[in-house]
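Fold and geometry: a report
Each chain is listed here by its residues.
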Amino acid sequence: MVAVLVGVLLAALDATVVGTAMPTIIATLGGVALYPWVFAAYLLASTAVMPVFGGLSDRLGRRTPFVAAVAIFSAGSLLAGAAPTMLALIAGRGLQGIGAGGIFSLAIIIVGDLFPGARHGRMLGLLSAVWGVAAITGPILGGLIVDQWGWRWVFYLNLPFSAAVILLILLGFRETAPAGFAQGRRRLDLAGAALFLVGVTAVLLVFLQPRGGAGAGLLGPGRLMAAVVGLGALAAFVRVERTSDDPLVALALFREAPFAVGCLAGFFAGAAMFGAILHLPLLVQWGHGTDATTAGLSLMATSGGWALGSFAGGQLVNRFGFRRIAVSGMAVMTAGYLALAWRPHGTLRFLIAVAGVLGIGMGLVTITLIVAVQSLIRLEQRGIATSAMLFFRNIGGTVGVAAMGGMLTARLGVQVGEGAGALPPALAAAFVVEMGAVLWLGVGSALLGLAATCFLPPATPLSRRPGGAMG
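For clarity, every value in this text was computed on a predicted model and none was experimentally measured.

Observations regarding the overall build of the protein chain
When its secondary structure is counted, the protein chain shows 14 helices and 0 strands. Ordering the α and β elements of the protein chain from the N terminus gives α-α-α-α-α-α-α-α-α-α-α-α-α-α. At a minimum sequence separation of 6, the contacts of the protein chain that also span at least 24 residues come to 84%. With the model as given, the accessible surface of the protein chain reaches about 17500 Å², and the carbon-plus-sulfur share is 71%.

Things to note about helix H9 (residues 221-243)
In this model, H9 (23 residues) spans 33 Å end to end at C-alpha, consistent with the 33 Å of a helix rising 1.5 Å per residue. Here H9 has its buried residues at Arg223, Ala226, Gly230, Ala233, Ala236, Phe237 and Glu241.

Looking at the packing of aromatic side chains
Under the criterion given, the structure shown has 4 aromatic pairs. When the ring of tryptophan 153 is compared with that of tyrosine 156, the centres are 5.5 Å apart and the planes differ by 80°; the resulting orientation is edge-to-face. In this pair, tryptophan 153 and tyrosine 156 both sit in helix H6 (residues 152-156), 3 residues apart, roughly one turn of the helix. Aromatic side chains phenylalanine 267 and phenylalanine 268 sit 5.2 Å apart centroid to centroid with 90° between the ring planes, which places their arrangement in the edge-to-face category. We classify phenylalanine 267 as partly exposed; its relative accessible area is 24%. Three or more aromatic residues link up through ring pairs in this structure, and these residues are Trp149, Trp153 and Tyr156.

Thoughts on the nonpolar core
Judged by nonpolar contacts, the single largest core of 113 residues is most densely connected at Phe66, Leu89, Leu127, Met333 and Tyr337. Per-element tally for this core: the top contributor is helix H10 (residues 257-288), with 16 residues. Ranked by size, the runner-up nonpolar core spans 7 residues in total, among them Leu44, Phe196, Val200 and Phe237.

Let's talk about the packing of helix H3 (residues 63-81) against helix H7 (residues 158-172)
Put simply, H3 and H7 touch, their axes get as near as 9 Å, and they point 170° apart. When the axis of H3 is compared with that of H7, the two are roughly antiparallel. Considering the relative orientation of H3 and H7, their crossing is left-handed. Between H3, through Arg63, Phe66, Val67, Val70, Ala71, Phe73, Ser74, Ser77 and Leu78, and H7, the contact on the second element is made entirely by Asn158, Leu159, Ser162, Val165, Ile166, Ile169 and Leu170. Along the lines of polarity and charge, the residues of the contact of H3 with H7 split into 11 nonpolar, 4 polar and 1 charged.

Let's talk about the packing of H10 against helix H12 (residues 348-375)
Packing of H10 against H12 leaves a shortest axis separation of 10 Å and a crossing angle of 160°. On the basis of their axis angle, the class for H10 and H12 is roughly antiparallel. Along this stretch, H10 crosses H12, giving a crossing that reads as left-handed. Residue-level contacts link Phe259, Gly262, Ala265, Gly266, Ala269, Met273, Ala276, Leu280, Leu283, Val284 and His288 of H10 to Leu348, Leu351, Ala355, Leu358, Met362, Val365, Thr366, Leu369 and Val373 of H12.

Details of a nonpolar patch on the surface
Where nonpolar side chains cluster on the molecular surface, the patch consists of Val198, Met225 and Val229 and spans about 280 Å² of accessible area. Among the secondary structure elements, valine 229 is positioned in helix H9.

Thoughts on the environment of alanine 12
Note on placement: alanine 12 falls in helix H1 (residues 2-29). Separated by 88 residues in the primary sequence, alanine 12 and alanine 100 have C-alpha atoms spaced 8.8 Å apart.

Here we look at the side chain of threonine 366
Take threonine 366: it is sitting in helix H12. If we skip the residues at most four places from it in the chain, threonine 366 touches Met273, Trp306 and Arg393.

Some words on the confidence of the model for the protein chain
Averaged over all residues, the pLDDT of the protein chain is 77; the fraction at 70 or higher stands at 81%. No element of the protein chain has a lower mean pLDDT than helix H5 (residues 119-148), at 72, and none a higher one than H3, at 90.

Here we look at the environment of arginine 119
By secondary structure assignment, the location of arginine 119 is in helix H5. For the pair arginine 119 and glutamine 315, spaced 196 residues apart in sequence, the C-alpha separation works out to 8.9 Å.

Points about the side chain of serine 445
You can see serine 445 is positioned in helix H14 (residues 425-453). When neighbours within four sequence positions are excluded, serine 445 is seen to be in contact with Phe268, Ala271 and Ala272.

Some details on H3
The terminal C-alpha atoms of H3, which comprises 19 residues, lie 28 Å apart, in line with the 27 Å expected from a rise of 1.5 Å per residue. Those residues of H3 lying buried are Pro65, Phe66, Val67, Ala69, Val70, Phe73, Ser74, Gly76, Ser77, Ala80 and Gly81.

Section: the environment of serine 74
For serine 74, the location among the structural elements is in helix H3. According to the relative accessible area criterion, serine 74 is buried, its value standing at 13%. With residues up to four places along the chain from it excluded, the contact list for serine 74 reads Leu159 and Ser162. A distance of 3.0 Å separates a polar side-chain atom of serine 74 from the backbone oxygen of valine 70.

Analysis parameters
- Residues numbered from 1 in each chain as written.
- Predicted model: local features only at pLDDT ≥ 70, side-chain atom pairs only at ≥ 80, totals over all residues.
- Heavy atoms only, no water.
- Helix = DSSP H or I, 4+ residues; strand = E, 2+ residues; numbered from the N terminus.
- Contact = heavy atoms within 4.5 Å.
- Areas by Shrake-Rupley, 256 points an atom, 1.4 Å probe, with all protein chains shown as cover.
- Expected span 1.5 Å × (residues − 1).
- Buried < 20%, exposed > 50% of the residue type's maximum accessible area, 1.4 Å probe, protein only.
- Phe/Tyr/Trp six-rings, centres within 6.5 Å; stacked < 30°, edge-to-face > 60°.
- Core = buried A, V, L, I, M, F, W, Y, C linked by side-chain atoms within 4.5 Å.
- Axes fitted to C-alpha atoms, helices over the stretch in contact; angles between N-to-C directions.
- Parallel < 35°, antiparallel > 145°, perpendicular 65-115°, else oblique.
- Left-handed = near helix turned anticlockwise from the far one by under 90°.
- Nonpolar A, V, L, I, M, F, W, Y, C, P; charged D, E, K, R; others polar.
- Patch = residues over 30% accessible without salt bridge, like charges linked within 9 Å, V, L, I, M, F, W, Y side chains within 5 Å.
- Salt bridge = Lys/Arg side-chain N within 4 Å of Asp/Glu carboxyl O.
- pLDDT = per-residue confidence, 0-100.
- Polar contact = N/O pair within 3.5 Å; in protein donor to acceptor, adjacent residues only side chain to side chain.

Okay, structure coming up:
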């Protein structure tokens with residue numbers, strides 16, 4: 001359990017530290033039109049490999065894939081830290097995403113193995129709280145590192161953590177997969193993973209065409225070709241999934257209404273969550289003229305709220321059921337987004353307070369959806385089902401980041417981010433106005449997620465049994 005917690009600490013620090021460093025990275029490397037891809041590549045790669053790692057863990061056990069995930073994450077951190085251009089940074093972030101996808105999905109699967117029954121939600125809450133500790137310290141730490149040492153050390157800092165995690169796993173990790181987990185006769189759906197990656201990448205290109213670029217018009221040839229390739233690859237992906245012995249996404253699971261609802265709610269919640277994590281530091285630093293350390297306070301508030309919401313949700317889900325906790329979380333998130341979109345020009349104290357509210361909503365809904373999925377499927381499908389839910393949450397995050405980032409760059413283009421960190425007053429004011437318009441996309445995502453959570457089961461399986469809620 002210690003090895004798993006430290007592994008989550010590793011990946012969580014990276015997620016929050018990079019958000020704080022992003023304005024400085026853009027000012028150093030240029031390529032402002034590509035900035036959404038720094039996040040989209042990470043989310044896309046982690047999304048594509050989560051079900052692959054889940055399937056591997058159902059066949060090879062949890063230990064070996066976990067070590068591999070940490071090693072891949074370390075290699076990506078080294079590449080990102082040494083990146084001379086924005087494209088090289090995006091490549092490093094993609095490699096980091098592969099490792100992070102394995103770390104996060106396997107950590108949740110292992111906790112499900114170790115703590116079944118009434119302790120399940122509480123221990124997932126603890127896992128999220130550890131993530132929250134890293135997330136709270138990550139933004140302010142990232143700001144200090146950027147301001148004092150330079151942004152490259154944001155990535156190099158991962159290397160000693162990675163070595164410690166691998167050592168802990170090798171020395172103290174005991175296999176948690178069910179007896180008879182090895183099923184080498186079945187093959188992994190690598191063709192499905194490749195089709196998915198091509199399809200979603202092409203669809204994202206529809207949103208992320210640089211302003212003024214060739215074929216970048218609303219119905220330009222570049223966008224149309226990307227849409228055709230993306231939709232064609234995704235259609236082939238669905239066809240392959242239906243016939244695969246080991247599908248990337250187990251389509252048969254969608255016959256269970258609670259699983260389908262959980263994935264749908266996770267998609268829209270992910271779009272809202274990751275959109276906020278990316279754009280809040282930009283609003284604080286560029287719109288309000290602060291440094292990276294101050295911008296990190298917004299992420300610290302969001303992450304702290306996320307940790308608090310996750311811990312509370314894990315303790316309360318067995319008592320109050322899936323629906324009440326998830327609906328409450330999405331309602332809180334919607335209220336936070338409405339406040340941000342309505343008053344992006346508010347004071348720093350207001351923005352940081354609203355960021356904390358957003359985080360609480362994120363934590364409540366995230367932990368509830370995970371417990372719901374793991375409670376409603378058979379043990380032998382836990383790996384693929386858990387990773388499938390995370391799959392849809394992260395693809396929602398990828399689409400949300402792409403749509404919001406594409407809208408922002410289309411409105412402001414290369415006016416922002418190519419020079420020093422601070423913007424001229426007139427441009428900063430325009431940035432705040434345009435960011436307010438972008439945040440309404442987050443409002444829409446949160447509202448759709450709220451509608452989806454209303455269809456979750458009203459109670460957990462445990463709470464239906466006498467005495468089950470308290471374990």
